[in-house]
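Listed here are the chains, written in short residue letters.
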Amino acid sequence: MKGAGERSLHGLRKTTSALEKINKRVMRSFCVNTTADKTYKAAIIGCGRVAWLLDKDPLIPNKPCTHAGAYQAVDRTEIVAAADIRADRIHDFSKEYNVDNVYLEYREMLKKESPDIVSICAYAPERFNMVVDALHAGVKGIWCEKAFATSLSEAEEMVRLCQDHGAMLIVSHMRRWSSDYKLARELISDGVIGEPVSVVSHFSGNMIHTGTHAFDVLRFFFGDATLVQGSLEAFDSTKNFNLCGWHFAHPRTRQHHVACPLCGALYVGDGAPTLRGQPVPKRGFRNESHRWKNFISRDTGGYALICFDSGVYATVHADSKGYFIFEFDIMGTEGRIRIGNRLFELYLAEASRTESGLIELYRKEMNLEGNNLWTKAVEHLVACMEGKAENISGPSDGMAALEIALAIHESHQKQGRVVGLPLENRTLRVMSR
Ligand SMILES: NC(=O)c1ccc[n+]([C@@H]2O[C@H](COP(=O)([O-])OP(=O)(O)OC[C@H]3O[C@@H](n4cnc5c(N)ncnc54)[C@H](O)[C@@H]3O)[C@@H](O)[C@H]2O)c1
């Protein structure tokens, strides 16, 4: 108990003014020099929610919250073109942003417009091709949505190609640009909560789709992961299969994508899949056994244990829920931080106010300023392209977050066995949106 009391004195010395100093330091660190003359030509591939439509949501408070909104808000960038396979999407985008150069085929856009920066806002299965095409078209700055790729072999190639082409790529793990998350990281590294010990993370959604955001945050706080053990939920075919739109022939590649309602695997192939010689129907084969080839694992929720090189361990609870949540509860030897969507709480160990000789946690008031993640991401990309900043969300970071998610899939496939990182299986492919 004495030891705990001594440690808590350290916590008590972290007065309000000391905390404010750390906060100010965090806010200063986001100031980027953007005074140079050049205006960068930005183009967008995939004109959906994250590209621009979310900025239309009246309930979202901190705008812009999209790629287009951020390019528009930052002086150093202007939107010159956009592409989407949906004609209605490019039509509406064109009207909203007064951009005439809109395309149904993104490769044509890259060729004709020669943009400096490209945002890749279509879905994960096409991320690899889109990044490669952008690099070959001479693009020097890429803002790539998550998940970064569908496999580690793809991701490795993307890391290598970015280096070879001398291009900067930021992965859209947006909390890297959040002053709240940066403050939490500073509080942890300054020892304000003592030695970090464990984290409980709750999120809704799937291990790759939402999980890569969470794993990136965990890496941001605690460094590289060393071990993973996990289990995935069964794929809920009734909820996802017919609604998620996976049974389709891709408009450009003509490849068929079909989810298997039995195991969650996904067929991707050039011909329509057959089951015992019959074409696979859209419904009604739930009790059949399948003999398809080309199965690729599918993204679902689940739970996992992740151990970090720093000694911290995290449990991740990502089972399906009827609401959205994204939170971390970080326990240190002298305090605790709870952080998540609309959540920031700092607790420090102090002498109990209700029992002698006891040390308990008490919440500290924090004066948080907040910032806009999206404009900071664009400013950061520009600064990286001009050699004025170190990339804080580069392709290697995108790959590392994906690796944790894929290791959970690998552990699940091995009946929950502990899987060491780096993951040996570089070809495991998981489809996510
Ligand atoms: N970083 C974040 O916080 C964040 C938030 C939302 C979405 N996302 C990610 O962004 C991606 C898009 O999500 P969304 O919610 O905007 O989806 P969306 O369905 O609203 O938009 C995607 C758009 O991409 C287009 N598209 C698909 N294939 C294309 C192709 N080959 N060429 C051109 N356009 C193509 C679609 O027609 C659609 O308009 C997903 O991978 C998602 O995980 C990230």
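Because the structure is predicted, anything quoted here is derived from the model rather than measured.

## Comments concerning the site of the ligand
With respect to spatial proximity, 25 residues lie near the ligand, and among them Gly46, Gly48, Arg49, Val50 and Ala122 are the closest. Classifying every residue of the shell around the ligand by side-chain character gives 12 nonpolar, 4 polar and 9 charged.

## Some remarks on the packing of helix α7 (residues 152-164) against helix α12 (residues 395-413)
Contact geometry for α7 and α12: axes closest at 9 Å, N-to-C directions at 175°. One finds that α7 runs roughly antiparallel with respect to α12. On α12, the residues touching Leu152, Ala155, Glu156, Met158, Val159 and Cys162 of α7 are Pro395, Ser396, Gly398, Met399, Leu402, Glu403 and Leu406. Broken down by class, the residue content of the contact of α7 with α12 amounts to 9 nonpolar, 2 polar and 2 charged.

## Remarks on the pairing of strand β8 (residues 225-232)
Across 7 bridges, β8 lies against strand β15 (residues 302-308) in antiparallel orientation. Residue pairing for β15: Gln229 is matched across the bridge by Leu305. Bridging between β8 and strand β21 (residues 419-420) involves 2 bridges; their strand directions are antiparallel. Considered in β21, the bridge of Leu227 is made with Gly420.

## Things to note about the confidence of the model for the protein
Chain-level pLDDT for the protein is 86 on average; 79% of the residues reach the 70-or-more range. For residues 1-13, every residue scores under 50 in pLDDT, and the model assigns this stretch 19 contacts once sequence neighbours within four places are set aside. Segment residues 236-247: pLDDT under 50, and 16 contacts once partners within four positions in sequence are set aside and those in other chains are kept.

## Remarks on the sheet that holds β21
Pairing is mixed in the open sheet, where 9 strands are placed in the order β20-β19-β18-β17-β7-β16-β15-β8-β21. Of all the strands in the sheet, just β20 (359-364) and β21 have a single pairing partner and so form its edges. Relative to β20, strand β19 (residues 343-351) runs antiparallel, the two being bridged by 6 bridges. What sits directly across from Tyr347, in β20, is Arg363. Running at roughly 55° to β8, α12 makes contact with β8, β15 and β21 of the sheet.

Definitions and limits used
Residues numbered from 1 in each chain as written. Predicted model: local features only at pLDDT ≥ 70, side-chain atom pairs only at ≥ 80, totals over all residues. Near = placed C-beta within 6 Å. Nonpolar A, V, L, I, M, F, W, Y, C, P; charged D, E, K, R; others polar. Axes fitted to C-alpha atoms, helices over the stretch in contact; angles between N-to-C directions. Helix = DSSP H or I, 4+ residues; strand = E, 2+ residues; numbered from the N terminus. Parallel < 35°, antiparallel > 145°, perpendicular 65-115°, else oblique. Contact = placed C-beta atoms within 7 Å. Pairing = 2+ DSSP bridges. pLDDT = per-residue confidence, 0-100.

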